[in-house]
Amino acid sequence: MNNKWTTLAFAATLILVMLLNFITSDIAISMTERRKLKPFPELTIDTILSGDFFEDFEKYAVDQMVYRNPLRNIKALIEYGVFQKYDNNSYFISGGHVFKMDYDKKLQEYINAAKQIEAVYERYLTGLDVYHAIIPDKNYFIRDNDKYLFNDYETMIDTLNAGITHSTYIDLFSALTLDDYYRSDLHWKQDHLGGVMQALQSAMGFETAFDASHYTPVTLSPFYGAYHGGAAGLVGADSITYLTNDSIKGAVALHYSENGETIVKDVYDIDAFGGVDGYDQFLSGPTPIVEIQNPANTSGKSLVIFRDSFASSLAPLLLEEYSTVTLVDLRYVSMDLIGEYVDFDEATVLFITTA
């Protein structure tokens, strides 16, 4: 009888879950996981015969499972609490922050980055003032914790600098602390970049010192960072505070694509905050080339940043010093095409990479 009752209870649970899935509307986007969820697959004879329908349906069933988020939270609690595991799918929590263990960073990446900087210099930057900086990831600030694996940051810095002969290194490691980063995301907070701006000013000779009082802070929430899903709800949502003023409001961001199309947007794309990645509200997220023009700055000075996503929130703060700030992401545009869109004449150049 015990076996029968167990079987009946299991069958009843399956039927109940199936019924709940039938009556529950599908969700297009998981804000906590920051990704689009699988929609119901196309049901045709071709997709059935090829097996694509069944493969896609399996992914759909997992993504659209009722009570998905509570179940993920329970799984994470069991991993951390019952089994005493240090991490949950390579994510771990320390001091209220979510971190991700990264085993893939290799010195060859920094050797290649140095070669790329040198190649860009030889192609476009001869005679210009060129600087480069490494942004530490969050793990740098807790690397003395012997539970987890961490990168050798000192060797990474030395490796990059050893391969660069035409650029001045700017140390940002000493300009940041863990509190300058979002709890559920890998990025730094724009409203905490005073130390970074001072480091850049000291190295690059800014005429205008950064002053937070020149800006009005605006807060958007909730912000579910890239690591929030890895913590399975065990760390709350963040908020994004961006800094604005009349100068930034009057500036325009020209987004160039390789097909020749130019799209004009605001510096802060507030509509993008409601998308999959709220951080995309800074300059609308990943774009091959963005040129920010600031009519309020009449100095005529221009800055070109070869960047990753961190620079999206840094660039608006540089408009007090420069009339034009152009951001180039070499992950999305061929180096051969850069000269068609970017004017390097008398520009200052900054390369930014993340540790």
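Residues numbered from 1 in each chain as written. Predicted model: local features only at pLDDT ≥ 70, side-chain atom pairs only at ≥ 80, totals over all residues. Heavy atoms only, no water.

(A) Expanded view of the overall build of the protein chain. Helix and strand counts for the protein chain come out as ten helices and 14 strands. Relative to its 355 residues, the protein chain shows a buried fraction of 46%. Intrachain contacts of the protein chain at a sequence separation of at least 6 include 70% that bridge at least 24 residues. Total accessible area computed for the protein chain in this model is approximately 18,000 Å², and 54% of it derives from carbon and sulfur atoms. (Helix = DSSP H or I, 4+ residues; strand = E, 2+ residues; numbered from the N terminus. Buried < 20%, exposed > 50% of the residue type's maximum accessible area, 1.4 Å probe, protein only. Contact = heavy atoms within 4.5 Å. Areas by Shrake-Rupley, 256 points an atom, 1.4 Å probe, with all protein chains shown as cover.)

(B) Representation of the sheet that holds strand S12 (residues 302–306). Strand order in the open sheet formed by eight strands is S6-S5-S14-S12-S13-S11-S9-S10, and the pairing between neighbours is mixed. For this open sheet the edge positions go to strand S6 (168–171) and strand S10 (262–265), each flanked by a neighbour on one side alone. If you compare each strand with its neighbour and ignore which way they point, the axes differ by 20° on average. Direction of pairing for strand S11 (residues 289–293) relative to strand S13 (residues 324–328): antiparallel, over a ladder of five bridges. The residue of S13 that forms the bridge with Ile292 is Val325. Contacts from helix H5 (residues 107–125) reach strand S5 (129–135), S12 and strand S14 (348–354), with the element oriented near 165° to S14. Where helix H6 (residues 153–162) meets the sheet, it contacts S5, S6 and S14, and its direction lies at approximately 160° from that of S5. (Pairing = 2+ DSSP bridges. Axes fitted to C-alpha atoms, helices over the stretch in contact; angles between N-to-C directions.)

(C) Examining a nonpolar patch on the surface more closely. Together, Phe40, Leu43, Ile48, Phe54 and Phe57 make up a nonpolar patch on the protein surface, roughly 480 Å² of accessible area in all. By the secondary structure assignment, Ile48 is in helix H2 (residues 45–50). Exposure remark for Ile48: the relative accessible area of 35% places this residue in the partly exposed category. (Patch = residues over 30% accessible without salt bridge, like charges linked within 9 Å, V, L, I, M, F, W, Y side chains within 5 Å. Salt bridge = Lys/Arg side-chain N within 4 Å of Asp/Glu carboxyl O.)

(D) Highlighting the environment of Val276. Positionally, Val276 belongs in the loop between S10 and S11. Taking the C-alpha atoms as reference, Val276 lies 9.7 Å from Gly225; in sequence the two are 51 residues apart.

(E) Quick peek at the packing of aromatic side chains. All told, the structure shown has 18 aromatic pairs when counted by the stated rule. Ring geometry for Tyr182 versus Phe223: centroids 5.1 Å apart, planes at 70°, classification edge-to-face. Here Tyr182 is found in the loop between S6 and helix H7 (194–204), whereas its partner Phe223 is found in strand S7 (residues 216–223), with 41 residues between them in sequence. The two residues Tyr182 and Phe223 agree in class, both being buried. In this arrangement the basic side chain of Lys138 is found over the ring face of Phe99, its NZ or CZ atom lying 5.1 Å from the centre. (Phe/Tyr/Trp six-rings, centres within 6.5 Å; stacked < 30°, edge-to-face > 60°. Lys NZ or Arg CZ within 6 Å of the ring centre and 35° of its normal.)

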